[in-house]
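An overview of the molecular structure
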Amino acid sequence: MRDMLELTELTGIATLQDSGRRGFEKFGVPASGPMDWFAYQAANSLLDNLPNSAVIELGLGELTLRALRNTSLSVTGSGYEVESYLWTFPLWTSFYVRAGWTVRVKKTGGGNWAYISIAGGFNSPVVMNSRSTYLRGGIGPALKIGDVLAPANPPADLLKLAARNFSGAGFMPYSQTPFIDVIRAPQADWFTPEGICAFYENEYIVSLPFDRMGYRLQTLAPSSPTNTITKKNARELISEGMMMGSIQIPADGRPIVMMADSPTAGGYPKIAHVTRASLPLLAQCEAGAGKIRFRETTVEEAQENRKKISMVFKTPQDWKRMK
Amino acid sequence: MLKPLGDSALLIQLGDEINPALNARVHALDALLQTIPAVIETIPAYCTILVRYDPLVTTYNQIKNFIEEKTSLLDDATHRPFRRLEIPILYGGASGPDLEPAAATLSLPPSELIRLHSEREYIVYMMGFTPGFPYMGILNEKLTLPRLPTPRTRVPAGSVAIAGSQTGIYPVDSPGGWHIIGHTPLKLFDPTSENPFLFAPGDIVKFSPLPPEKDNLAHAASSTLPPLLPGEGQG
């Protein structure tokens, strides 16, 4: 055993997530994986981990880890800061931790999810080709106080991985008032022109309760004919596949954006679909606080944009020493 | 008809109704799509297929061409591979609490409901709702019922249920709004197994009634789940 970290304090929800569970969506198993893929990928990238390595996803709370051996960690995300031993580290960095030190990930506001990665990626049982936790499906328990975590493939040179700064962080403009790029979804033409207009004109906040399955959105203004998303007729959708980013409009007209643990199929018409590049921005919008506006884009533009962003993960030369 | 679903998936629509022939085309095309290299995953449903692809490997237009090529290979004579499964079921009693009320609503004796439910072969049109839940049909039209007015907060795993023109089996304890008419001792979902699912989309299923006295199943009580979002209702 290479026991490395003990979870000594925890509020909120902490689960292990890797890049997601593939190949079982047709059987009704969500892809899961991180709510914020950009922060997840950066956390692993900072430590030269394999891109599908498991990390701790911390949501809406705080945690404290005690190092049982020397290791290197990285923390990314939005709305948190890190204290390790005597120092406070900004997010999007990696740092060396000595045995006995305590690492706290503290909530500061302006985001929901933090990603804590360890050199070598966290070890846990692989269930259906993935280490991603899917609580509703009974796959993997949530992390709890007293859990002891170990890396899957600890590297020999830990110091080399420490004190790195993720230079690509600026490529994801986290904000609590983001524009979210969306692409017309298959049932967009089921809605009246006024309804479509309302969808793009409205300012939405994420309402509680919200979780890894989906975010419900609501307008701040009381509903009126001009801000209601209306369908052209009472036509019902025959259930069909959906996934993270799909925006369903149920009968009450309040959009639901499907997130990482999205059911694989749904029966409400989909008005639009959030681009991969915008999903992290939406994921980090705080319930009751973040204000969202949607903006239409094309598949071509979205794919170009996505390619640009993915470039920041490509080369190790991107690393800059912090000092 | 192909439409994008975001920048890393698209939806193929082969029709707009629930019928066995159309669904057979869905599963036949789904089998052909598995040979396209950039396809990560597919979700075949009643009359659509969601196709996830890697936009860092291919573009929407490229994948669209690949799919149109495969679709052109489909014709009515397309033979699709399928499995035939026989599912033991204990009708009624404590594990099928809605059998008698459902039969009463349908003005049928319970034995006739059982006969009509177990005489047919069903297609697994699609899977979803919870891991391993098969949406099967079409029921004999004499068995058509609306959903329960108030969904149950917990339906035990293994419950066999009907609603509308469909029948299904709950793989895990979950909320549910269908009429529970029986129970199967088979395990539909085991995440730790090499083959986690009993069913696959496109399977052909027939129920075989167990004699009532032979079976006295106690359901394993397990966790209660939080309420579901409306989006994941049992379509």
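**A word on the sheet that holds strand S13 (residues 179-184) of chain A**
Residue and element names in this part refer to chain A. In spatial order, the strands read S13-S20-S17-S18-S15-S14-S21; together these 7 strands close into a barrel with mixed pairing. Shown here is a sheet whose adjacent strand axes are inclined to one another by a mean of 40°, direction ignored. Helix H2 (residues 193-201) contacts S13, strand S14 (204-207), strand S17 (246-248), strand S20 (270-274) and strand S21 (291-296) of the sheet and is inclined by roughly 125° relative to S21.

**Some thoughts on the domain arrangement of chain A**
All names here are of chain A. The assigned domain composition of chain A is domain 1 (5-169) and domain 2 (179-310). The gap between the C-alpha centroids of domain 1 and domain 2 is 28 Å. Taken together, the 26 residues of domain 1 in the interface contact 22 residues of domain 2. With both chains or domains summed, domain 1 and domain 2 bury close to 1900 Å², and 55% of this area falls on carbon and sulfur atoms.

**Brief notes about the confidence of the model for chain A**
Averaged over all residues, the pLDDT of chain A equals 92, while 97% of them reach at least 70. Residue range residues 315-323 of chain A is modelled with pLDDT below 50. Its contacts to residues more than four positions away, or to other chains, number 19 contacts.

**A short note on the packing of aromatic side chains**
Between two aromatic rings, the relevant description is the distance of the centres plus the angle of the planes. This model, assessed by the stated rule, comprises 27 aromatic pairs over all chains. Each ring, one from Phe27(A) and one from Phe197(B), has its centre 4.5 Å from the other, and the planes form 5°; the classification is stacked. Of this pair, Phe27(A) sits in the loop between strand S2 (13-17) and helix H1 (37-46) while Phe197(B) sits in the loop between strand S12 (179-183) and strand S13 (204-209), placing the two residues on different chains. Judged by its relative accessible area of 11%, Phe197(B) falls in the buried class. Taken together, the ring pairs in this structure connect Tyr46(B), Tyr125(B), Phe129(B), Phe133(B), Tyr135(B), Tyr170(B) and Trp178(B) into an aromatic cluster. Across from the ring centre of Tyr80(A), 5.3 Å away, lies the NZ or CZ of Lys107(A), which sits over that ring. In this structure, Arg306(A) is placed above the aromatic ring of Trp37(A), and the distance from its NZ or CZ to the ring centre is 5.5 Å.

Definitions and cut-offs
Residues numbered from 1 in each chain as written. Chains lettered and ligands numbered in written order. Predicted model: local features only at pLDDT ≥ 70, side-chain atom pairs only at ≥ 80, totals over all residues. Heavy atoms only, no water. Pairing = 2+ DSSP bridges. Helix = DSSP H or I, 4+ residues; strand = E, 2+ residues; numbered from the N terminus. Axes fitted to C-alpha atoms, helices over the stretch in contact; angles between N-to-C directions. Contact = heavy atoms within 4.5 Å. Domains from an automatic or database assignment. Buried area = accessible area lost by both parts, 1.4 Å probe. pLDDT = per-residue confidence, 0-100. Phe/Tyr/Trp six-rings, centres within 6.5 Å; stacked < 30°, edge-to-face > 60°. Buried < 20%, exposed > 50% of the residue type's maximum accessible area, 1.4 Å probe, protein only. Lys NZ or Arg CZ within 6 Å of the ring centre and 35° of its normal.

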